[in-house]
Structures are given as C-alpha cells and as structure tokens.
Amino acid sequence: MNYETIKSLILTFLVLLSLVLTWNLWTYQPDYEYINSDRVISDVEIREKKEINQLIKPSYMLFHYDDVHHGNVDTDRFMNEFKSWSLYDIERVDNNNHDFTSFVHGNRKMEVVFPDDIPLQTFRYLTNFRDSEIPEININRILVDFNVVSEGSEQTIFLVNYEEKDVYSARVSNLSLNQMERAFYQTGRTNPLYLSLKAEDDRYVFFPALDRKEEQIRTYSYFTDQLNPEDFKDALFSDPSIVTKDMTLDAEVYRDDSRLMRVTNHDYKLQYVNPGNTGQGNTLEFNVIEQGIEFVNNHSGWTGPVENYKLDKWNRSTLEDTVSFRMYVGDYPIFNFNSDAVTEIVQSWRNNELREYTRPIFEFGIIVPRSPQKKLPRGERVLREMEKWNIDTSKVTDIKIAYELKRSSETTEIITIEPIWVYQENHSTWSKLTFTENDDLEGGM
C-alpha cells in the first residue's frame, strides 16, 4: 500500500467520524424532564421523619360535670385507645330538636378537641374504619356521651364539627364505655379546672382556670443548633449542581433558573419559593395536610428531640391551599411575636404543587441550667383583661397557655421560652394577651 492510499483512507475515516459526531450533536436532546422535575430528592435526610398520627393530635380534652368543667392537654393516652377502635355506620344526626350546648357540654360528656377541622379521610391514620367508603366530612371534636346506653357490645360515639353544629354518630367496635368511663371520665376531676367563655350563642371557649398550685410554669433557655442550609439546597432543588449562592447583608440566597431559597439568621428562617407555579387552586381530592406531611418527610425535616411539631391550621381557597405545623415543647405551643425566630412550618400549594415553604432553620440544643419559674395570671383575670382591651369575644375561638420565644439579650446563641396567655380570633390569628396591672396575681375573683 503506497503513501497516497494511506492518506486517502485516513481522510475518509476522518470525514465519516466528523459526520457521525455532527449527527449526534444535532440529534442530542438533554433530559429536560429530569432537570425541570419538581421532585424532592428523597435521599436527603436532614433530621427525622414522622408518622401522621404523631403530627395530628388533639389540643386538649374536656370533662363535663353539670356546670363544672375539667381539662387536660396530655391527650396521648386517649389517642392510643382511639387507635384500637374501629368505626362504622357513620350517619348524620338531626339535632334540630336538641339543645346543642347541652348535647356537647352537658353532664357526663367527654370532648376531644382538635386544633382545626380534620377531614375524616385523614382519620384513617389515627384509627380504623370498617366501612370501605369514608364520608367526605370535616370534624374537629370527638364526643363520648356516657349517658348513652347501647345494646350489645357495639357502642356509639359522636363526631362533631363544632362551628357548623354538624353532628355525626359512629358505631364503634373494640370500645367499652364502662372501661372508658373508669379510665378517663371518673378520674377527670383530678385534671385542672377549666373556665368557659360564652363567645356566641351555642359556642363556648374553654381554657384553664389556673388555681394556685398550677400558676407556676417553668421558663426554659436553650443553646440553639443551626441547621445546614446546604442540606435544604440538596433537598429542595431538582438539580443542586446548577444552584448558585449569593451572600447579602442579612441572608444567604440560593437560586436556580426558576426557584429561590433565602436563609436569614436574624430570625432563623428559611423561605423557599417556586414563583413559576402561577396556577390557581388544587384538585378536589388534594389533601394539603397529608401532602404537607409527606413533603417534609421526603427530606426528613422534622427536628427534635426537645421540640416537636403538631398540626396548627390549614385552609383551602380558590387560589391555593395552606397548612402550618407549630413547634411545641412538651404540651405547650410556641409563638413568636417579636420576629426573633419563626416557630411554624408553613406551606402553600397550587396546582397540586408546592408554591412556598417557610420554616425554622434552627433546633433546640443543650438546656441552660437554673431555668426560673414564672407565675401566670389566673384564668378569671384573663376574662377581665380581655374586657379591658375591648376584645370582641364573638371572634375568639381559642384561649390557651403557650410559650413565647425570645432571643437572649446577652448572646444570639441562646433562646428563651417563657409562658404566656394567647388567644385566637376567627380560627386564624393568634395574639399575646398583655396584662395592664398586677391586681390579681395572688388570687382570683
């Protein structure tokens, strides 16, 4: 083979290789479906996953004895019992011929009160249903009436939507009313005394009376542990490799072509936004409570072990669905009224997709020794103070003891939670009750 033949063969090979490479370049299509996917990367585990029944819990239980009421915020023992029940034959009760107040708050009644309406479909994570189809209703109370005498071993309880005055009866297997009465109702008098505020006709708000032995509630201080923003970047962005990071005076800002995550240290807040989701509403079967829990579980975003989270409220509108989970320490919710830190995990959803996600970027660490106790005003004074402030009690939907979160004045690494009274209006806005004078810290009316 002569030199010219070799050159021709090499040239021919190079021309063919060039054609192949050109063809591959023209026909290559990147995997945009993967890049633009709205998925959350499932292998990111920031802290813990939680079961739905760990996050949806009652606010308190009420025990009624004629005109005397007792309550308990520790509801775990009841929920363990509730988990073993099996509900069936759920039917609406015509209560037009009954006094609704007496029906719910009368003698020998026990109420289990949830913080917001809960779709009955979601109760399948809290208890059992014998029927294959669960009614599409929302309830916020379980009512056990110990005056009811049921034939045979199957008992009846009531599922109540208190504001709408809707009542449903439910047959229950695996329930003994006699045992329930002995275990809960007969010992209910040992629980703290509760007062009642008549907010509207047929609607009452119950809250602790706080007698002398209950007035002292401990204040706690903790060192804070910062969560790593990079973990959330990896969890929340579809392709973390293309995310850029910018530093501003008060924040770290992460962004890709369509999403943004902002982490601010002055209020320990992470805010993730998908502005490209401009849709309105969600499908009818969309359950924002369950979807919200699943979303946080996908990146194991529930922190602890000092704090825990519970469902606080949710809302459905034609524009979007929202859900919030509030931070608790023990049995008391935590609020922040001074922008020192956020104490809720909040989500908004449109088009069945996440639109916005706001949450704390810290968790409680080591406790600071020698935490003092604080003496709270008694419940009777709460009523007088609300009257002094001209608070419209017809809008009040809850009154409770809570913790207020504050940063230490000495170091930003320490957070203090101290007990306060809070009240809620229209099932949405929480406010701190401020006391104008110390006329009654030592006693009641």
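In this text, all values refer to a predicted model and were calculated from it rather than measured experimentally. (Residues numbered from 1 in each chain as written. Predicted model: local features only at pLDDT ≥ 70, side-chain atom pairs only at ≥ 80, totals over all residues. Heavy atoms only, no water.)

Caption draft 1: Expanded view of the packing of helix α4 (residues 76–83) against helix α6 (residues 177–185). Following both chains from N to C, one finds α4 and α6 inclined at 165°, their axes separated by 11 Å at the closest point. Regarding the angle of α4 to α6, the classification is roughly antiparallel. Pair α4 / α6 crosses with right-handed handedness. Side by side, α4 and α6 meet where R77, F78 and E81 of the first sit next to M180, A183 and F184 of the second. For the contact of α4 with α6, a count of residues per class yields four nonpolar, no polar and two charged. (Axes fitted to C-alpha atoms, helices over the stretch in contact; angles between N-to-C directions. Helix = DSSP H or I, 4+ residues; strand = E, 2+ residues; numbered from the N terminus. Parallel < 35°, antiparallel > 145°, perpendicular 65-115°, else oblique. Left-handed = near helix turned anticlockwise from the far one by under 90°. Contact = heavy atoms within 4.5 Å. Nonpolar A, V, L, I, M, F, W, Y, C, P; charged D, E, K, R; others polar.)

Caption draft 2: Just the packing of aromatic side chains, in detail. Under the defined criterion, the tally for this structure stands at 27 aromatic pairs. Here the aromatic rings of F295 and Y357 are separated by 4.9 Å at their centres, their planes lie at 90°, and the arrangement is edge-to-face. Taken as a pair, F295 in helix α8 (residues 288–298) and Y357 in strand β21 (residues 353–360) lie far apart in primary sequence, 62 residues in all. With respect to class, F295 is no different from Y357; both count as buried. Consider the rings of F362 and F364, whose centres lie 5.7 Å apart with planes at 90°: the pair is edge-to-face. The class of F364 is buried, set by a relative accessible area of 3%. One aromatic cluster in this structure is built from Y220, Y222, Y268, Y332, F362, F364 and Y403. The residue whose ring lies beneath K109 is F103, and the NZ or CZ to ring-centre distance is 5.3 Å. The residue whose ring lies beneath R130 is Y88, and the NZ or CZ to ring-centre distance is 4.0 Å. (Phe/Tyr/Trp six-rings, centres within 6.5 Å; stacked < 30°, edge-to-face > 60°. Buried < 20%, exposed > 50% of the residue type's maximum accessible area, 1.4 Å probe, protein only. Lys NZ or Arg CZ within 6 Å of the ring centre and 35° of its normal.)

Caption draft 3: Examining the environment of T101 more closely. Positionally, T101 belongs in helix α5 (residues 100–105). Note on T101: relative accessible area 16%, which makes it buried. In this structure, the C-alpha to C-alpha distance between T101 and D202, residues 101 residues apart in sequence, is 5.3 Å. Sequence-distant contacts of T101, that is, excluding residues within four places in its chain, are made with G106, D202 and Y204.

Caption draft 4: Seen up close, the pattern of salt bridges. Applying the stated criterion to the full structure yields 30 salt bridges. For K109, the salt bridge is made with D145, and the minimal N-O distance between the two is 3.8 Å. Separated by 36 residues along the polypeptide, K109 in strand β4 (residues 109–119) and D145 in strand β6 (residues 138–145) bring together distant segments of the chain. Taking the relative accessible area as the measure of exposure, D145 reaches 8% and is therefore buried. Each of K374, E404, K406, E418 and K432 takes part in salt bridges that share partners, so that together they form one network. (Salt bridge = Lys/Arg side-chain N within 4 Å of Asp/Glu carboxyl O.)

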